[in-house]
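Overview (structure and organization)
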Amino acid sequence: MLNNPTILHVMKYPKLFLATNARKLLMMLGITYILTTLLLIFNLYATERYFYEQQNPGPDPINATRDLLWSSECDIMTFIAFVVIIISGSMMFGALSDRRSRLNTLEVPASHTVKFFTWFAVYLPVAIIAMWISFYAAQITRVCWTQLFTDFGSYAHIIPFHRVMLLEGGFVLEPSDIYDAMTTYGAMIFINSVFALGSVIFPRLSFLKTAISCSIISTMIGVAALLGHLVFFGLHANTDPRFAIFDTFPQREYIITAVMLFGALCCYLLSYYRFKQTEIINRW
């Protein structure tokens, strides 16, 4: 099956793309690791100082410090993850940023479908996996730093890898952590799709233009939603039984995640057809 000419032809472009962009992708991975490591070490000292200044840190200060440390570290990693996802979305159609790169992309003997799914795979699922590896490596580095260069090595606990994947730092895995992670990754996928759409609509300065456009549109939608809420439901809509489903766990998380994934699907489809249209225009 692997010797099938069609499969070999489809696999040729991903290999070429990775070979061409390996330096850029590795640099992005390295920056993510270094930034995460520095923030985790800074957070380690901040957490230790916080508990040192407390009058009564509790009966179990080591475990209390560990819980606070893990929670704050997951907040840091979540923030970095969103930044990486936004940058990845902006880079998804980077091959269309100027005329020369567009022509080089068109000269590659591969369909626009293969190109699109190659970029999608590299800048979303592969980017997420690379983030997990970077975060876990940063955790190991933070633990080594704690043991070698500090006098509070008893606080050097590493977050298990499955907790890093969920971006949840509680010591005990709760069902709510799964739903929170589901919502977080739904938001990441949606944001990635929005910036991917922006990168194909705005070939140059796509990050800046997409961010400005999203800010304007979000403000307009927020104001319209607020006005509609006040006009049709008044100030007491929270007590309306029709809105009870939005206050019920985990139905609220299911609805939010489903809406974001649907929005992401729409953005990716628009990106695909816009890229297809761009390719046709450039060929013409």
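Right above here is the structure, for reference.
We now turn to the structure provided with this report.

Conventions adopted
Residues numbered from 1 in each chain as written. Predicted model: local features only at pLDDT ≥ 70, side-chain atom pairs only at ≥ 80, totals over all residues. Heavy atoms only, no water. 1 Å grid on protein atoms, 1.4 Å probe; cavity = no way out; pocket = protein on both sides within 12 Å on 5 of 7 lines; lining within 4 Å. Points joined across faces, edges and corners; volume = space filled by probe spheres on them. Helix = DSSP H or I, 4+ residues; strand = E, 2+ residues; numbered from the N terminus. Nonpolar A, V, L, I, M, F, W, Y, C, P; charged D, E, K, R; others polar. Expected span 1.5 Å × (residues − 1). Buried < 20%, exposed > 50% of the residue type's maximum accessible area, 1.4 Å probe, protein only. Patch = residues over 30% accessible without salt bridge, like charges linked within 9 Å, V, L, I, M, F, W, Y side chains within 5 Å. Areas by Shrake-Rupley, 256 points an atom, 1.4 Å probe, with all protein chains shown as cover. Salt bridge = Lys/Arg side-chain N within 4 Å of Asp/Glu carboxyl O. Contact = heavy atoms within 4.5 Å. Phe/Tyr/Trp six-rings, centres within 6.5 Å; stacked < 30°, edge-to-face > 60°.

Of the voids in this model, the largest pocket is the one considered here, and its volume is about 400 Å³. Looking at the largest pocket, it is lined by 18 residues, and the ones nearest its centre are Val-194, Leu-197, Cys-214, Ile-217 and Cys-267. When residues of the lining of the largest pocket are traced back to their parent elements, those giving at least two are α7 (175–201), α8 (206–233) and α9 (251–283). Sort the elements by how many residues they give to the lining of the largest pocket and α7 lands first, with 7 residues. Its residues assigned to classes, the lining of the largest pocket comprises 13 nonpolar, 5 polar and no charged.

To continue, consider helix α5 (residues 125–149). Over its 25 residues, α5 extends 36 Å from the first C-alpha to the last, a length consistent with the 36 Å expected when each residue adds 1.5 Å. Within α5, burial applies to Ala-127, Ile-128, Met-131, Trp-132, Ser-134, Phe-135, Ala-138, Gln-139, Arg-142, Val-143 and Thr-146.

On to a nonpolar patch on the surface, then. A cluster of nonpolar side chains, contributed by Leu-205, Phe-207, Leu-208, Ile-212, Ile-216 and Met-220, occupies part of the molecular surface with about 630 Å² of accessible area. Structurally, the position occupied by Leu-205 is in the loop between α7 and α8. Judged by relative accessible area, which is 60%, Leu-205 ranks as exposed.

This paragraph deals with the side chain of Ser-193. Mapped onto the secondary structure, Ser-193 falls in helix α7. Excluding residues within four positions of it along the chain, Ser-193 makes contact with Gly-263, Ala-264, Cys-267, Tyr-268 and Ser-271.

Attention now moves to the packing of aromatic side chains. If you walk through the whole model with that rule in mind, you get 15 aromatic pairs. Ring plane angle 85° and centroid distance 5.0 Å describe the contact between Phe-120 and Tyr-268, whose orientation is recorded as edge-to-face. Here the residue Phe-120 occupies a position in helix α4 (residues 112–123), and Tyr-268 occupies one in helix α9, the gap between them amounting to 148 residues. An aromatic cluster of at least three residues, connected via ring pairs, comprises Phe-93, Phe-116, Phe-117, Trp-119, Tyr-272, Tyr-273 and Phe-275.

Tallied over the full model, the rule gives 3 salt bridges. Close ionic contact of Arg-142 with Glu-73 constitutes a salt bridge, the shortest N to O distance being 2.9 Å. In this pair, Arg-142 is assigned in helix α5 and Glu-73 in helix α2 (residues 61–91), connecting sequence segments 69 residues apart. The two residues Arg-142 and Glu-73 agree in class, both being buried. Arg-163 is the partner of Asp-177 in a salt bridge, and the nearest nitrogen-oxygen pair spans 3.3 Å. Of this pair, Asp-177 sits in helix α7 while Arg-163 sits in helix α6 (residues 161–166); the two residues are 14 residues apart in sequence, bridging distant segments of the chain. With respect to class, Asp-177 is no different from Arg-163; both count as buried.

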